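A closer look at the structure
Next come the chains, spelled out residue by residue.
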Amino acid sequence: MTYSKIRINPISPEPANGSVLVIYTGGTLGMIYERKENQLVPFDFQQIIERVPEISRLDFEITFLSLPEPIDSSNMNPEIWIELAEIIETNYHEFDSFVILHGTDTMAYTASALSYLFENLNKPVILTGAQLPIGVARSDARENVITALELAAAKNGLGHPMISEVCIYFNSQLLRGNRSKKKESSDFNAFHSENYPPLATAGVRIEYNLPYVKPFDADSEFIVHKTLNTQVAFLKMFPGITPRVVEAVFGINDLKGVVLETYGSGNATTDIWFLSAISKAIERGLIIFNVSQCDGGRVTQGQYQTSKFLEQAGVISGSDITAEAAITKLMYVFAKETDKTKCIEMLGTPLRGEMSI
Ligand code: ASP
């Protein structure tokens, strides 16, 4: 597959202070308003300097690469996640860091999926996007892109990257990717991470929250995983849910795992039919991962009678994981492991800082 690439050389006479590969996947950010047609059209990255002239003042080298067909992120899928992982693998040694321009709708899923696909990542991979297209006067795109680039290029006194994990940068906050969630469809502060503090905050200066940042580890070998298993589903509890709905989901042919979205600290109805559906599904080999519908707090199975039976039946607690990180974790774990006991062990263990134990 061929991609169109453009390189922007810093105008500073000093040698470039690092290199960033920017991968454009689509989304609102990359749209401009076309007067003639009176519509938003995808932005041609050849014109990036025209739209974001500040880029040429950054003292590092930037290369832009666009997916052959930029997409609205609602069309994102595991094949494209693997394509993105392969692009980063191919370019891992050539560039110091990576910025992915992505639609906001599924950005938290992509960030979570990539976090699992990259084992021992030691360079920044920062996703960003915008609520308003880059061609609109009040757009948040410029600030998001410029600061994401600065964060990607930032190094400490030892010359190591300040950040060496998959993150989302949006509206002044750098968040761990697999802890993030889109919470707003209209305000500029589109993302939050309820159960893990921001890794950095960009004000007049960029303040890093170092105790929460994954440490750089020069000795670990970077491994890119290239398979995901989509034999997974969500089942969201609601008062009034019927046996037909639950049985329809649990009865899906070849299904390996379900993210059960429960109430509060991991609770669900104790109606006999539901207890029996859960027990039978687990006996048949289905793995059920308990994730709370609340953004903040965590699943504590056994705290209430309404979650004790889940624990006893063998449902796995997702602790404080997000639904986005949970479904992508199932995809990753089932692709990597066929042994059920090992899958259960991996699901209950933080693999990339996506959950607290
Ligand atoms: N629908 C768009 C997308 O996710 C929204 C955005 O970019 O903010 O691609």
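Scroll up a little and you will see the structure.
So, a few notes on the structure that sits alongside this text. (Residues numbered from 1 in each chain as written. Predicted model: local features only at pLDDT ≥ 70, side-chain atom pairs only at ≥ 80, totals over all residues. Heavy atoms only, no water.)

Regarding its fold elements, the protein chain presents nine helices and 19 strands. For 357 residues, the compact-globule formula gives about 21 Å, and the C-alpha radius of gyration of the protein chain, at 21 Å, lands near that figure. With respect to the principal axes defined by its C-alpha atoms, the protein chain has extents near 70 × 50 × 40 Å. Burial status across the protein chain gives 52% buried among its 357 residues. Counting contacts in the protein chain only where the partners sit at least 6 residues apart, residues at least 24 apart contribute 74% of the total. (Helix = DSSP H or I, 4+ residues; strand = E, 2+ residues; numbered from the N terminus. Rg over C-alpha atoms; globule rule 2.2 N^0.38 Å. Buried < 20%, exposed > 50% of the residue type's maximum accessible area, 1.4 Å probe, protein only. Contact = heavy atoms within 4.5 Å.)

For the coordinates displayed, the defined rule picks out nine aromatic pairs. Among the aromatic residues, ring-to-ring pairing joins Tyr92, Phe95, Phe98, Phe118 and Phe222 into one connected group. Here the basic side chain of Lys123 rests over the ring of Tyr92, its NZ or CZ set 4.8 Å away from the ring centre. The ring of Phe334 is capped by Lys256, whose NZ or CZ atom sits 5.9 Å from the centre of that ring. (Phe/Tyr/Trp six-rings, centres within 6.5 Å; stacked < 30°, edge-to-face > 60°. Lys NZ or Arg CZ within 6 Å of the ring centre and 35° of its normal.)

Next up on the list: the environment of Leu158. As for its position among the elements, Leu158 is in the loop between helix 4 (141–153) and strand 9 (166–170). Residue classification places Leu158 among the exposed positions, given a relative accessible area of 67%.

Spatial ordering of the open sheet is given by 16-17-18-19, a layout of four strands whose pairing is parallel. Looking at strand neighbours, the two that pair on one side only are strand 16 (232–236) and strand 19 (316–317), the edges of this open sheet. Bridging between strand 17 (residues 257–262) and strand 18 (residues 287–292) involves six bridges; their strand directions are parallel. Bridge assignment links Thr262 to a residue of strand 18, and that residue is Ser292. (Pairing = 2+ DSSP bridges.)

Taken together, Gly27, Thr28, Asp72, Ser73, Gly103, Thr104, Asp105 and Ala130 are the residues near the ligand. Here Thr28 contributes a backbone N or O atom positioned 2.8 Å from an oxygen atom of the ligand. Taking 260 Å² as the accessible area of the ligand by itself, protein coverage stands at 89%. The residue makeup of the shell around the ligand, split by class, is one nonpolar, five polar and two charged. (Near = heavy atom within 4 Å. Polar contact = N/O pair within 3.5 Å; in protein donor to acceptor, adjacent residues only side chain to side chain. Areas by Shrake-Rupley, 256 points an atom, 1.4 Å probe, with all protein chains shown as cover. Nonpolar A, V, L, I, M, F, W, Y, C, P; charged D, E, K, R; others polar.)

Let us now look at the pattern of salt bridges. Tallied over the full model, the rule gives eight salt bridges. A salt bridge links Glu89 to Lys226; the nearest nitrogen and oxygen atoms lie 2.7 Å apart. Within this pair, whereas Glu89 is found in helix 2 (residues 78–91), its partner Lys226 is found in the loop between strand 15 (223–224) and strand 16, the two being separated by 137 residues in sequence. The partly exposed category is assigned to Lys226, whose relative accessible area is 34%. Note that Glu324 is salt-bridged to Lys181, the shortest N-O span being 2.8 Å. Placement of the pair is Glu324 in helix 8 (residues 323–336) and Lys181 in strand 11 (residues 181–182), with a sequence separation of 143 residues. (Salt bridge = Lys/Arg side-chain N within 4 Å of Asp/Glu carboxyl O.)

What follows concerns the side chain of Thr106. Note on placement: Thr106 falls in the loop between strand 6 (97–101) and helix 3 (107–117). Ignoring any residue separated from it by four or fewer positions in sequence, one finds Thr106 in contact with Ser73, Ser74 and Met76.

Now for the packing of helix 2 against helix 3. Contact geometry for helix 2 and helix 3: axes closest at 10 Å, N-to-C directions at 55°. By the criterion of interaxial angle, the relationship of helix 2 to helix 3 is oblique. The way helix 2 lies across helix 3 gives a crossing that is right-handed. Contacts from Trp81, Ile82, Leu84 and Ala85 of helix 2 reach helix 3 at Tyr109, Thr110, Ala113, Leu114 and Leu117. A per-class count over the contact of helix 2 with helix 3 returns eight nonpolar, one polar and no charged. (Axes fitted to C-alpha atoms, helices over the stretch in contact; angles between N-to-C directions. Parallel < 35°, antiparallel > 145°, perpendicular 65-115°, else oblique. Left-handed = near helix turned anticlockwise from the far one by under 90°.)

Turning next to helix 8. Spanning 14 residues, helix 8 covers 20 Å between terminal C-alpha atoms, matching the ideal 20 Å at 1.5 Å per step. Most of helix 8 is tucked away, with 12 of its 14 residues classed as buried. Taken together, the buried positions of helix 8 are occupied by Ala323, Glu324, Ala325, Ala326, Ile327, Thr328, Lys329, Leu330, Met331, Tyr332, Val333 and Phe334. (Expected span 1.5 Å × (residues − 1).)

Here we take up the pairing of strand 3 (residues 31–34). Two elements, strand 3 and strand 4 (residues 39–42), share four bridges in a ladder whose sense is antiparallel. The partner of Met31 across the bridge, within strand 4, is Pro42. Hairpin geometry of strand 3 and strand 4 is characterised by an intervening segment of four residues between the two adjacent antiparallel strands and by a positive phi of about 55° at Asn38.

Attention now goes to helix 4. With 13 residues, helix 4 should cover 18 Å at 1.5 Å per step; its first-to-last C-alpha distance of 18 Å lies within 8% of that length. When you tally the buried positions in helix 4, you get 10 out of 13 residues, the bulk of the element. Every buried residue belonging to helix 4 is among Ala141, Asn144, Val145, Ile146, Thr147, Ala148, Leu149, Leu151, Ala152 and Ala153, and all of these are buried.

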